[in-house]
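What follows is the residue order along each chain.
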Amino acid sequence: MFARFNYYPRCPRPELVYGLKPHSDGAAITIVLPDKEVEGLQFLRDGRWVKIPVLPHALLINVGDQVEMMTNGMFKSPMHSAILSREHDRISLAMFCTPDAETEIEPASELIDESRPRLYKKVKNYARIYFHYYLGEKRPIDAVKL
Ligand SMILES: O=C(O)CCC(=O)C(=O)O
Ligand SMILES: [Fe+2]
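Residues numbered from 1 in each chain as written. Chains lettered and ligands numbered in written order. Predicted model: local features only at pLDDT ≥ 70, side-chain atom pairs only at ≥ 80, totals over all residues. Heavy atoms only, no water.

A.B. asks: Run through the pattern of salt bridges, naming residues and quoting values.
C.D. replies: As enumerated under the stated definition, the model contains nine salt bridges in all. The salt bridge partner of Arg139 is Asp65, with a shortest N-O separation of 3.8 Å. Note that Arg139 is positioned in the segment after helix H2 (126-133) and Asp65 in helix H1 (residues 65-70), a separation of 74 residues in sequence. Taken together, the salt bridges that share partners define one network made up of Glu104, Glu106, Arg118 and Lys122. (Salt bridge = Lys/Arg side-chain N within 4 Å of Asp/Glu carboxyl O. Helix = DSSP H or I, 4+ residues; strand = E, 2+ residues; numbered from the N terminus.)

Structure follows, in structure tokens:
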């Protein structure tokens, strides 16, 4: 597991820039402690951004790319982003739970059959693949699709 504090300074023109660009997490599971006062995290659902309301001290558990791969797409790793506030700084803590880099991950065989063919390759060290694609247009998880 590794943890990251995200600090988003207030911004006079928040409509022009993301705090954190749209992405899905590369981890298996992410545990997020969002800011207890300032809204900013949003998830893409059916093509629309849905804001996560402030809920002080609540932890948000997010499915990451590696769980999407291991469940053969049964659990989806959702796209999300953080927007900035005009008035307030914002802070969040994200804890990324990730298999060891040497561990091979692949869809569970029980979740593959004729009606649900295997969707992902077997990979090791997905973090390396993830950061290779992170700044580009292509979603990292698309690079490991069959
Ligand atoms: O700032 C947030 O609430 C979310 C942060 C996040 O998505 C991330 O660190 O991957
Ligand atoms: Fe994230």
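A.B. asks: Explain the coordination of the iron ion (ligand 2) residue by residue, including any values.
C.D. replies: Looking at the iron ion (ligand 2), the protein donor atoms are His23 (NE2), Asp25 (OD) and His80 (NE2), and they sit 2.1 Å from it. When the donor residues of the iron ion (ligand 2) are listed from N- to C-terminus, their spacing reads H-x1-D-x54-H. You can call Asp25 buried: its relative accessible area is 5%. (Donors = N, O, S within 2.8 Å, 3.2 Å for Na, K, Ca; no water. Buried < 20%, exposed > 50% of the residue type's maximum accessible area, 1.4 Å probe, protein only.)

A.B. asks: Outline H2, supporting the account with residue identities and numerical values.
C.D. replies: What sets the pattern is the α-helix's 3.6 residues per turn: residues three or four places apart point alike. Listing the buried residues of H2 in full gives Tyr126, Ile129 and Tyr130. Down the axis of H2, the buried side of the element spans an arc of 100 degrees, and every buried residue falls inside it. In this structure, H2 carries Arg128, Phe131 and His132 as exposed residues pointing more than 90 degrees from its buried face. Looking at the packing, one finds that the buried side of H2 touches strand E2 (18-23) and H1. (Arc of directions from axis to C-beta. Contact = heavy atoms within 4.5 Å.)

A.B. asks: Please provide a residue-by-residue account of the pairing of strand E5 (residues 48-51), values included.
C.D. replies: Here strand E4 (residues 41-45) pairs with E5 via four bridges, running antiparallel. Along E5, the bridge assignment pairs Arg45 with Arg48. Between E4 and E5, which pair antiparallel in sequence order, lie two residues; one of them, Asp46, sits at a positive phi of approximately 50 degrees. (Pairing = 2+ DSSP bridges.)

A.B. asks: Account for empty space enclosed by the protein, with residues named and values stated.
C.D. replies: Under the counting rule described, the total for this entry stands at one cavity of 30 Å³ or more. One number sums up the size of the largest cavity: a volume of about 140 Å³. Lining the largest cavity are 16 residues; nearest its centre among them are Asn6, Leu20, Val32, Leu41 and Ser92. The set of elements that each furnish at least two residues to the lining of the largest cavity consists of strand E1 (2-8), E2, strand E3 (29-33), strand E7 (80-83) and strand E8 (90-97). When grouped by side-chain class, the residues that make up the lining of the largest cavity number eight nonpolar, five polar and three charged. (1 Å grid on protein atoms, 1.4 Å probe; cavity = no way out; pocket = protein on both sides within 12 Å on 5 of 7 lines; lining within 4 Å. Points joined across faces, edges and corners; volume = space filled by probe spheres on them. Nonpolar A, V, L, I, M, F, W, Y, C, P; charged D, E, K, R; others polar.)

A.B. asks: Tell me what's going on with the sheet that holds E5, and back it up with residues and numbers.
C.D. replies: With antiparallel pairing, four strands are arranged side by side in an open sheet as E2-E7-E4-E5. Looking at strand neighbours, the two that pair on one side only are E2 and E5, the edges of this open sheet. The sheet shows a mean angle of 25 degrees between the axes of neighbouring strands, taken without regard to direction. Where E2 and E7 come together, three bridges link them in antiparallel fashion. When the bridges of E7 are listed, His23 appears paired with His80. (Axes fitted to C-alpha atoms, helices over the stretch in contact; angles between N-to-C directions.)

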